[in-house]
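# Residue-level structural notes
Residues per chain, in single letters:
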Amino acid sequence: MEAKEYLEKYIEDKNQLENAYIRLKSGEPVQYIVGNVDFYNYNFIVNKNVLIPRFETEELVSYTILFANKYFNNPIIIDVGTGSGCIAITLKKEIISRVYATDISKEAIEVAMKNAKRNNAEIEFINCNLFDKFNGKVDILISNPPYISHDDKEIMDIVKNNEPHLALYADNNGLYYYEEILKKASRILNRKSLIAFEIGYKQKDEVKKIALKYFPNSHIITKKDMEKKDRFIFIFNNCE
Ligand SMILES: C[S@@+](CC[C@H](N)C(=O)[O-])C[C@H]1O[C@@H](n2cnc3c(N)ncnc32)[C@H](O)[C@@H]1O
């Protein structure tokens with residue numbers, strides 16, 4: 001759908017629509033102007049404090065639902081870097097599960113909490129670095145962490161100029177969060193577990209290498225997104 005059409009679909013008031021056209025012209029994403037976005041079968045509030053949920057992330061969620069149903073019963077799940085809460089909330093709606101979600105941004109957690117209420121999903125939110133304040137054990141750790149390298153030239157202006165940099169960029173060529181999460185994950189994972197990541201499309205080999213460093217006996221599979229780009233990595237531990 002064209003951006004203008006999108007605004008017209010969601011904004012009825014004439015004055016608000018005029019204002020929306022101005023914001024659109026100034027380069028703001030339609031989703032922030034309208035204030036919400038559809039993701040999977042659900043609708044999520046979005047504002048400048050959270051990343052706009054992407055189609056690829058719907059695919060991450062779909063694969064994770066498939067694997068959760070195949071390998072686990074009523075899994076305990078943690079979504080690290082939840083942003084709008086789209087991953088955690090969708091998983092809670094689609095799988096009988098207990099779901100935790102963390103984010104370092106207090107403002108993001110506030111949005112995610114509103115979205116959980118809006119979608120009638122019971123999630124335990126934790127405002128912390130990665131999962132530092134989580135002391136339980138989980139079956140599934142899922143994350144779409146920031147993964148764009150600081151010197152990335154492909155990032156579009158509309159993304160760079162509007163979405164929170166805390167949600168986009170990562171040190172070490174975009175690999176910092178994969179290493180941090182994988183380094184610390186064994187503390188909170190059950191023996192049988194799954195780690196599900198969205199990754200930058202050039203990061204497959206390097207993330208796989210980091211995963212094998214911390215989980216040498218894991219079974220790893222990668223999947224491509226709809227555009228046939230390497231986009232997801234699943235690290236299975238003792239899932240026979
Ligand atoms: C790429 S966004 C993903 C948001 C959402 N999960 C999604 O898929 O649309 C990454 C999220 O990680 C959060 N984040 C960044 N650094 C973090 C950290 N050290 N600990 C926890 N969350 C962090 C950001 O605030 C942001 O919400």
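Residues numbered from 1 in each chain as written. Predicted model: local features only at pLDDT ≥ 70, side-chain atom pairs only at ≥ 80, totals over all residues.

### Observations regarding the pairing of strand 6 (residues 138-143)
Defined as follows: Three exposure classes are used. Buried residues have 20 or more other C-beta atoms within 10 Å of their own C-beta, exposed residues have 12 or fewer, and partly exposed residues fall in between, all C-beta atoms being placed from the backbone. By definition, any uninterrupted DSSP run of H or I lasting at least four residues is a helix, any uninterrupted run of E lasting at least two residues is a strand, and each is numbered from the N terminus. Note on pairing: DSSP must find at least two bridges between two strands before they are called paired.
Most of strand 6 sits out of view: six of its six residues are buried. Examined bridge by bridge, strand 3 (residues 76-80) and strand 6 share four bridges and lie parallel to one another. Within strand 6, the position partnered with I78 by the bridge is L141.

### A word on the nonpolar core
This is how the line gets drawn: Think of a nonpolar core as buried Ala, Val, Leu, Ile, Met, Phe, Trp, Tyr and Cys residues chained together by C-beta atoms that fall within 7 Å. C-beta atoms are first placed from the backbone for all residues, and any pair lying within 7 Å is then listed as a contact.
I140, L141, Y178, A196, F197, V207 and I233 are the most contacted members of the largest nonpolar core, which has 55 residues in total. The contacts of A196, once residues within four sequence positions are left out, are L60, T64, I140, I142 and F234.

### Examining helix 11 (residues 204-214)
Note the following rule: In this description, the arc belongs to the directions extending from the helix axis to the C-beta atoms.
Those residues of helix 11 that fall on the buried side of the exposure criterion are V207, I210 and A211. Along the axis of helix 11, the buried residues cluster in a sector spanning 100°; they form a single face. Residues of helix 11 that are exposed and point over 90 degrees away from its buried face: D205, K209 and K213. Elements in contact with the buried residues of helix 11: helix 10 (176-184), strand 7 (189-198), strand 8 (219-224) and strand 9 (230-237).

### Digging into the packing of helix 4 (residues 55-71) against helix 5 (residues 86-94)
Note the cut-off: Structural elements are reduced to axes, namely lines fitted to C-alpha atoms, with helices fitted over the stretch in contact, and the angle between N-to-C directions of any two is expressed from 0 to 180 degrees. By definition, any crossing whose near helix is turned counterclockwise from its far helix by less than a right angle is left-handed, and any crossing with a clockwise turn is right-handed. Charged residues are taken to be Asp, Glu, Lys and Arg, nonpolar residues to be Ala, Val, Leu, Ile, Met, Phe, Trp, Tyr, Cys and Pro, and polar residues to be all remaining types, Gly included.
Axis separation between helix 4 and helix 5 bottoms out at 10 Å; the angle between their running directions is 35°. Where helix 4 crosses over helix 5, the two elements pack in a sense that is right-handed. Counting all contacts with helix 4, which are made through T57, V61, T64 and I65, the residues of helix 5 involved are C86, I87, T90, L91 and E94. Classifying every residue of the contact of helix 4 with helix 5 by side-chain character gives five nonpolar, three polar and one charged.

### Brief notes about the sheet that holds strand 5 (residues 123-127)
Read across the open sheet, the seven strands follow the order 5-4-3-6-7-9-8; overall the sheet is mixed. What marks the edges here is a single partner per strand, and that holds for strand 5 and strand 8. Pairs of neighbouring strands in the sheet enclose a mean axial angle of 15°, with direction left out of account. Bridging between strand 7 and strand 9 involves six bridges; their strand directions are antiparallel. When the sheet's bridge partners are listed, F197 is paired in strand 9 with I233. The strands that helix 6 (residues 106-118) touches are strand 4 (98-103) and strand 5; relative to strand 5, the one it contacts most, it runs at about 170°. Together, strand 7, strand 8 and strand 9 form the strand contacts of helix 11, whose direction differs from that of strand 9 by roughly 15°.

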